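Summary of the model geometry
Chain by chain, the residues run as shown.
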Amino acid sequence: MSRIELRELRKEFGDLVAVEDVSVTVQDGELLCLLGPSGCGKSTTLRMIGGLEGPSDGDVYIGERQVTDSPAYDRNTSIVFQGWELFPHKTVLENVAFGLKMDGVGKDERRERAREMLARVHMDGYQDQNPAELSGGQKQRVALARSLAVDPDVILLDEPLSNLDKRLREEMEIELKEIHEELKKTFIHVTHNQDEAFTLADRIGIMNDGELVQVGPPTEVYQHPKNEFIEGFLGDTNFVGGRVEETDGDEVLVETESDVTVRVPVEDDVQEGDSLTVSLRPEILRIHPTDGDDSVSGQTGRSVAVADGEGSNAVVGQIERVLYRGSNARYFVDVGGTSVFVERSVADEVGLEQGDEVRLDWTADDVLAFHDDGARVST
Ligand SMILES: Nc1ncnc2c1ncn2[C@@H]1O[C@H](COP(=O)(O)OP(=O)(O)OP(=O)(O)O)[C@@H](O)[C@H]1O
Ligand SMILES: [Mg+2]
């Protein structure tokens, strides 16, 4: 059994609290990604699980065993580091077999196992080379094979893909996911790259400032971010500040800085006058030309009524800039002095240019809103 449980884990370095009150259970065979900005405590948490760092407080369980004070070699965990740390003067095969040698496995058997692991990461044929002769992606594969060779219960990965270029990283993400599915071992993978976490994870744990803010399946954290930090960290969005003008308990009308009124379905108690931050994600915004529509034309920066259905919101604006980013185009629209961006696939051929007057509309259910203290209040 290789379920991992962290109970109120804490780590101080002098006056600095690097990890604070982290509690989470990782199921046997699960792949958990720890995601968060630089310095938020991901590596320190991982190192405490692997026994490379002792906690200041709290406990680590692996399976039924409390291992808080056990040395690294007595935990049956294996770590893959960002820099791969291969032995430069040993061959690829010797690198992979190294842990087995330490475990007292005989020469023939360890060579056999090392070959098997190299085949699993598609590196058969490279066994007699030195690490210096390998590319980044190949070194990464060898480091992974080395950590798999000792047959650990738990594999801990600390940004193993961050030294790779984008294409190779994406390839390795899929390979890692396949290896995880095949081995059915417990993986904890640390990264500050959202795409990597979304591709790999069964669940994502998002850290900020030493704390584990939210843990859940990728779709859940994306659709229901617990607070404004997570909403901002997971992707580019339009944050617009505003004040609650009206509330009926289920829905509020927020008057934003740019005089646009945004309707938001709310879960929590929100009072008139409360200040909220509204998130209008670029993918929820639809963009249309206003040409020929006298009812809205010339009302730039104004909220306008839309005919197509209840629960919609709309505003008129003017395109300030169009940025092409590969297959996507980003439209920056001036809405009463506030710049809002919308993203569309170039293939959609919306046919809009800088200077065009446009109507943006969206579905109220897709709008997220956050209170002063950062907590999400929208449904
Ligand atoms: N051995 C140490 N001594 C003192 N401070 C440390 C030590 N290790 C980490 N820290 C500090 O603890 C905090 C958390 O560091 P940690 O390495 O866990 O962050 P991280 O989330 O892995 O960041 P990154 O994405 O940059 O790798 C940082 O402020 C860091 O400077
Ligand atoms: Mg780190």
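Residues numbered from 1 in each chain as written. Chains lettered and ligands numbered in written order. Predicted model: local features only at pLDDT ≥ 70, side-chain atom pairs only at ≥ 80, totals over all residues. Heavy atoms only, no water.

The subject of this paragraph is the nonpolar core. With 43 residues, the main nonpolar core has Val 96, Leu 118, Val 142, Leu 144 and Phe 187 as its most contacted residues. Ranked by residue count, the leading element in this core is helix 4 (residues 136-149), at six residues. Setting aside chain neighbours within four positions, we find Leu 144 in contact with Val 80, Val 121, Leu 157, Leu 176 and Ile 179. In terms of nonpolar packing, the next biggest core, distinct from the first, is built from 31 residues, Leu 285, Val 333, Val 342 and Trp 362 among them. (Core = buried A, V, L, I, M, F, W, Y, C linked by side-chain atoms within 4.5 Å. Buried < 20%, exposed > 50% of the residue type's maximum accessible area, 1.4 Å probe, protein only. Helix = DSSP H or I, 4+ residues; strand = E, 2+ residues; numbered from the N terminus. Contact = heavy atoms within 4.5 Å.)

This brings us to the site of ligand 1. Taken together, the residues surrounding ligand 1 are Phe 13, Leu 16, Ala 18, Pro 37, Ser 38, Gly 39, Cys 40, Gly 41, Lys 42, Ser 43, Thr 44 and Glu 159. In this structure, Gly 41 approaches ligand 1 through a main-chain N or O atom, which is 3.0 Å from an oxygen atom. Measuring from an oxygen atom of ligand 1, one finds a side-chain N or O atom of Thr 44 at 2.5 Å. When the free accessible area of ligand 1 is taken as 640 Å², the share hidden by the protein chains comes to 59%. Of all the secondary structure elements, the ones that give two or more residues to the shell around ligand 1 are strand 2 (16-26) and helix 1 (42-50). Sort the elements by how many residues they give to the shell around ligand 1 and helix 1 lands first, with three residues. A class-by-class count of the residues in the shell around ligand 1 yields five nonpolar, five polar and two charged. (Near = heavy atom within 4 Å. Polar contact = N/O pair within 3.5 Å; in protein donor to acceptor, adjacent residues only side chain to side chain. Areas by Shrake-Rupley, 256 points an atom, 1.4 Å probe, with all protein chains shown as cover. Nonpolar A, V, L, I, M, F, W, Y, C, P; charged D, E, K, R; others polar.)

Note on placement: Thr 261 falls in strand 13 (residues 261-265). Of the residues examined, Thr 261 reaches a relative accessible area of 25% and is grouped as partly exposed. Sequence spacing of Thr 261 and Ala 314 is 53 residues, and the spatial spacing of their C-alpha atoms is 8.8 Å.

A word on the environment of Leu 368. With respect to the secondary-structure elements, Leu 368 resides in strand 20 (residues 368-371). For Leu 368, a relative accessible area of 5% corresponds to the buried category. Not counting the four nearest positions on each side in its chain, Leu 368 is found in contact with Gln 223, Pro 225, Glu 231, Thr 277, Val 278, Ser 279, Arg 281, Arg 376, Ser 378 and Thr 379.

Here the focus is the sheet that holds strand 5 (residues 65-66). Within the open sheet, the four strands sit side by side as 2-1-4-5. Their pairing is antiparallel. Either end of the sheet is taken by a strand with one partner, and the two such strands are strand 2 and strand 5. Where strand 1 (residues 4-13) meets strand 2, seven bridges bridge the pair, whose relative direction is antiparallel. Considered in strand 2, the bridge of Leu 9 is made with Val 22. This element, helix 1, spans strand 1, strand 2 and strand 4 (57-62) of the sheet and lies at about 120 degrees to strand 1. (Pairing = 2+ DSSP bridges. Axes fitted to C-alpha atoms, helices over the stretch in contact; angles between N-to-C directions.)

The next point concerns the pattern of salt bridges. As enumerated under the stated definition, the model contains 21 salt bridges in all. With a shortest N-O distance of 3.3 Å, Arg 47 and Glu 53 are connected by a salt bridge. Residue classification places Arg 47 among the partly exposed positions, given a relative accessible area of 29%. Close ionic contact of Arg 376 with Glu 267 constitutes a salt bridge, the shortest N to O distance being 3.7 Å. (Salt bridge = Lys/Arg side-chain N within 4 Å of Asp/Glu carboxyl O.)

A few words now on the domain arrangement of the chain. As assigned here, the chain comprises domain 1 (4-232) and domain 2 (236-371). The interface of domain 1 with domain 2 comprises seven residues on the first partner and nine residues on the second. Buried area between domain 1 and domain 2, summed over both chains or domains, comes out near 660 Å², and the portion from carbon and sulfur atoms is 51%. Per-residue buried area on domain 1 facing domain 2 is highest for Tyr 222, Glu 228 and Glu 231; these three make up 77% of the total on that side. Linking domain 1 to domain 2 there are one salt bridge. In this structure, Arg 281 engages Glu 231 in a salt bridge whose closest nitrogen and oxygen atoms are separated by 2.6 Å. Linking domain 1 with domain 2 are four residue pairs in polar contact (both at pLDDT 80 or more), by the criterion used here. Breaking the side of domain 1 that touches domain 2 down by element, the ones donating at least two residues are helix 7 (218-223) and helix 8 (228-234). With three residues, the single largest contributor to the side of domain 1 that touches domain 2 is helix 8. Here the residues of the side of domain 1 that touches domain 2 sort into two nonpolar, three polar and two charged. (Domains from an automatic or database assignment. Buried area = accessible area lost by both parts, 1.4 Å probe.)

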